[in-house]
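# Examination of the molecular architecture
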Protein chains: 2
Amino acid sequence: MLTKAQNKYIRALSQQKNRNEHGTYVVEGEKLAEEWLASDCKIQMVVALTDWVKMNTDLLAKHPEAEVIHAEPHHLESITGLQTANQVILVAYSNKTPKPIAAGAWCIALDTLQDPGNMGTIIRIADWFGINHVIASPGSVDFYNPKVIQSAMGGHLRVNLHKEELDAVFSKLKSPVYAATLGGENIYKLKEKTPGFILIGNESKGISEELLNIATQQITIPRKGGAESLNAAVSAGIICALLIEG
Amino acid sequence: MLTKAQNKYIRALSQQKNRNEHGTYVVEGEKLAEEWLASDCKIQMVVALTDWVKMNTDLLAKHPEAEVIHAEPHHLESITGLQTANQVILVAYSNKTPKPIAAGAWCIALDTLQDPGNMGTIIRIADWFGINHVIASPGSVDFYNPKVIQSAMGGHLRVNLHKEELDAVFSKLKSPVYAATLGGENIYKLKEKTPGFILIGNESKGISEELLNIATQQITIPRKGGAESLNAAVSAGIICALLIEG
């Protein structure tokens, strides 16, 4: 049975200040919950329909630390952040320390990225292209926002996520910084593609002046039509496809 | 003054059946409203703060067909579909007939694409790459869904949008059909890049068997990491960047 206190606690985790206070976050849906349980991520609580619990005893046995709560559909409805509740919602701990970033590898850096859908999609892009690190400036949307979790499709379990001041990271690692802007060099004509940071800016303001000054290379995906800009996550995907594979 | 009936009418346009019935849709926010008014799109109604109306008399003069309604902030709050209301909401007619698709040009085709954010982002991608046509199968999300309008960032005004059975269009035009799948040919190794249809499938089910059989070429963005797939809009962006420019 889901208690009132547990119900309140899980709903409170939709807000970043509560996630920060408790060091936990919510994962929803069968597919993601099963990925989380199959990983070595520490789980605090699993709220699920009895049928789902019965079907997943092996996965749950891997997590003796987790409290398993049998719930009715209306319990799940009352705590879901999605339009329709799934069979399972779990609460995981966010205390996993990311591996340190090493020079010589590709890395995606985000300057005050705001949209949770974009953040999740970019983590998923990193996960697809085998990029092991995503760094976001402190002003960026929280990695553990429920919409970020949903749109990253399990990327949180494979990509190291860092919240750090970007200039400090750049100056420490001395890898090239490729900054996505509207007035940079045509990305198709770039000769030097030494692995480094792919820097993506805020959805409306782009990259801050200060970081643009630090960037070793400003790059642009050439425009042929009438749009003012490309979506931040789409830009990140195209740049990865052109720099890493191309 | 915004009447109760107008308030009800505008809110009703968040639903596709009402948009279909009236042949109209909603555009929100200063930036988009100004783009719409600067275009030759027929406007039914403009609901805006008096200050905004005063600042935009020239734009409004271009649309004598539009009823201009001076509103208070709470009126806009009561009809907005966004988290916070902007200074202006307009209602436009969706009866513009798209130009016919010609063979020999790039075109994005969508098989039952469901997510409005993806649909809007793909229209924005087409708009960026100068792709003049997006065709969606009848089961796809409505082009005039408010979230599609927001995420396309004005692409509706420049890209021709078609809702048609894809197989009929493909067999009529006889252009190549490049189908994005997980098991196709490595897109980097593709030699033949004759302009044609870039076919993107449903977010969870991909492209239907029937359309895969019609496709002239199955293509894949090679995976290096652990993600199961890429987001549909990101895939569309990467494929455009590799086929059109590459």
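In this text, all values refer to a predicted model and were calculated from it rather than measured experimentally.

## Here's the deal with the pairing of strand E2 (residues 43-49) of chain B
All names here are of chain B. For E2, the tally of buried residues reaches seven of seven residues, placing the bulk of the element in the interior. As judged from the five bridges shared by E2 and strand E4 (residues 88-93), these two strands associate in the antiparallel manner. Note on E4: the bridge partner recorded for isoleucine 43 is alanine 92.

## Describing the sheet that holds strand E10 (residues 217-220) of chain B
All names here are of chain B. Pairing within the open sheet is parallel, and its six strands lie in the order E7-E6-E5-E9-E8-E10. Where the open sheet ends on each side, the last strands, each with one partner, are strand E7 (160-163) and E10. Taking each pair of neighbouring strands and ignoring which way they run, the sheet shows an average axis angle of 35°. Taken together, the three bridges between strand E8 (residues 177-186) and strand E9 (residues 197-200) define a ladder with parallel strand orientation. By the bridge assignment, alanine 179 is partnered in E9 with leucine 199. In the packing of helix H9 (residues 166-173) onto the sheet, the strands contacted are strand E5 (107-110), strand E6 (133-136), E8 and E9, and the crossing angle to E9 comes to about 160°.

## Here's the deal with the sheet that holds strand E1 (residues 24-28) of chain A
Residues and elements named next belong to chain A. Here we have four strands laid out as an open sheet, ordered E1-E4-E2-E3, and mixed in their pairing. Every interior strand has two partners, whereas the edge strands, E1 and strand E3 (67-71), have only one. Going across the sheet, the axis of each strand differs from the next one's by a mean of 15°, ignoring polarity. Bridge count for strand E2 (residues 43-49) against E3 is five bridges, and the pairing is parallel. Bridge pairing in E3 links leucine 49 to alanine 71. Strand contacts of helix H1 (residues 4-12): E1, E2, E3 and strand E4 (88-93), with the helix running at about 110° to E2, the strand carrying the most contacts. On top of the sheet, helix H3 (residues 30-38) reaches E1, E2 and E4; it is set at about 35° to E4, its chief contact.

## Considerations on the interface of chain B and chain A
Taken together, the contacts link 31 residues of chain B with 31 residues of chain A. Counting each side, the surface lost to burial between chain B and chain A is near 3000 Å², with a carbon and sulfur contribution of 62%. Applying the counting rule to chain B against chain A returns two salt bridges. Run the count over chain B and chain A and you get 19 residue pairs in polar contact (both at pLDDT 80 or more). Of all the secondary-structure elements, those providing two or more residues to the side of chain B that touches chain A are helix H7 (116-129) and helix H11 (232-245) of chain B. Top element by residues in the side of chain B that touches chain A is H11(B). It accounts for eight residues. Looking at the side of chain B that touches chain A residue by residue, the classes come out as 15 nonpolar, eight polar and eight charged.

## Some points on the relation of the copies chain B and chain A
Rotating chain B by 180° and moving it 0.0 Å along the rotation axis overlays it on chain A with an RMSD of 0.0 Å. Interpreted geometrically, this transformation is the action of a two-fold axis. By residue overlap, the copies meet face to face through one surface: 100% of the interface positions of chain B are interface positions in chain A.

## As for the packing of H7(B) against H11(B)
Helix-helix packing is described using two parameters, namely the angle between the two axes and the distance between the axes. All names here are of chain B. Where H7 meets H11, the closest approach of the two axes is 9 Å, and the angle between their N-to-C directions is 15°. By the angle class used here, H7 and H11 are roughly parallel. The two elements H7 and H11 meet at a crossing, and its hand is right-handed. Together, Asn118, Thr121, Ile122, Ile125 and Phe129 of H7 and Ala232, Ala233, Ala236, Gly237, Cys240, Ala241, Ile244 and Glu245 of H11 make up the contact between the two elements.

## A word on helix H7 (residues 116-129) of chain A
Residues and elements named next belong to chain A. Over its 14 residues, H7 runs 20 Å from end to end, which matches the ideal 20 Å to within 8%, given 1.5 Å per residue. Among the 14 residues of H7, 13 are classified as buried, and the element is accordingly described as predominantly covered. Measuring from the backbone nitrogen of glycine 117 back to the side-chain oxygen at the start of H7 gives 3.0 Å, which picks out aspartate 115 as the cap. Glycine 130 occupies a position one or two residues after H7 and carries a positive phi of about 70°.

## A closer look at the domain arrangement of chain A
Residue and element names in this part refer to chain A. In terms of domains, chain A is made up of domain 1 (4-93) and domain 2 (107-245). Its C-alpha centre places domain 1 at a distance of 30 Å from the equivalent point of domain 2. Taken together, the contact between domain 1 and domain 2 spans 13 residues of the former and 11 residues of the latter. Between domain 1 and domain 2, roughly 1000 Å² of surface is buried when both sides are summed, and carbon and sulfur atoms account for 64% of that area. Of all residues in domain 1, Arg19, Leu32 and Trp36 give up the largest surface area on contact with domain 2, accounting jointly for 40% of the area buried on that side. Linking glutamate 35 and arginine 158 is a salt bridge whose minimum nitrogen-to-oxygen distance equals 3.0 Å. Counting only elements with at least two residues in the side of domain 1 that touches domain 2, the list comes to helix H2 (16-22), E1 and H3.

## Re the environment of A:Gly120
Residues and elements named next belong to chain A. With respect to the helices and strands, the residue glycine 120 is situated in helix H7. When the C-alpha positions of glycine 120 and proline 100 are compared, they lie 21 Å apart, and in sequence the two are 20 residues distant. Every residue in contact with glycine 120, bar those within four places of it in the chain, is listed here: Val148, Ser151 and Ala152.

## Notes on the packing of aromatic side chains
Per the stated rule, a full pass over the model turns up eight aromatic pairs over all chains. Arranged with centres 6.3 Å apart and planes meeting at 70°, the rings of A:Tyr25 and A:Trp36 form a pair that is edge-to-face. Note that A:Tyr25 is positioned in strand E1 and A:Trp36 in helix H3, a separation of 11 residues in sequence. Comparing A:Tyr25 with A:Trp36 shows no difference in burial state: the two are buried. Chaining the aromatic ring pairs together yields one cluster made of A:Tyr25, A:Trp36 and A:Tyr144. Over the aromatic face of B:Tyr93 sits the side chain of B:Lys42, whose NZ or CZ is 4.9 Å from the ring centroid. Directly above the ring of B:Phe143 sits B:Lys163, whose terminal nitrogen or CZ lies 5.4 Å from the centroid.

Definitions and limits used
Residues numbered from 1 in each chain as written. Chains lettered and ligands numbered in written order. Predicted model: local features only at pLDDT ≥ 70, side-chain atom pairs only at ≥ 80, totals over all residues. Heavy atoms only, no water. Buried < 20%, exposed > 50% of the residue type's maximum accessible area, 1.4 Å probe, protein only. Helix = DSSP H or I, 4+ residues; strand = E, 2+ residues; numbered from the N terminus. Pairing = 2+ DSSP bridges. Axes fitted to C-alpha atoms, helices over the stretch in contact; angles between N-to-C directions. Contact = heavy atoms within 4.5 Å. Buried area = accessible area lost by both parts, 1.4 Å probe. Salt bridge = Lys/Arg side-chain N within 4 Å of Asp/Glu carboxyl O. Polar contact = N/O pair within 3.5 Å; in protein donor to acceptor, adjacent residues only side chain to side chain. Nonpolar A, V, L, I, M, F, W, Y, C, P; charged D, E, K, R; others polar. Least-squares fit on C-alpha atoms with pLDDT ≥ 70 in both. Parallel < 35°, antiparallel > 145°, perpendicular 65-115°, else oblique. Left-handed = near helix turned anticlockwise from the far one by under 90°. Expected span 1.5 Å × (residues − 1). Domains from an automatic or database assignment. Phe/Tyr/Trp six-rings, centres within 6.5 Å; stacked < 30°, edge-to-face > 60°. Lys NZ or Arg CZ within 6 Å of the ring centre and 35° of its normal.

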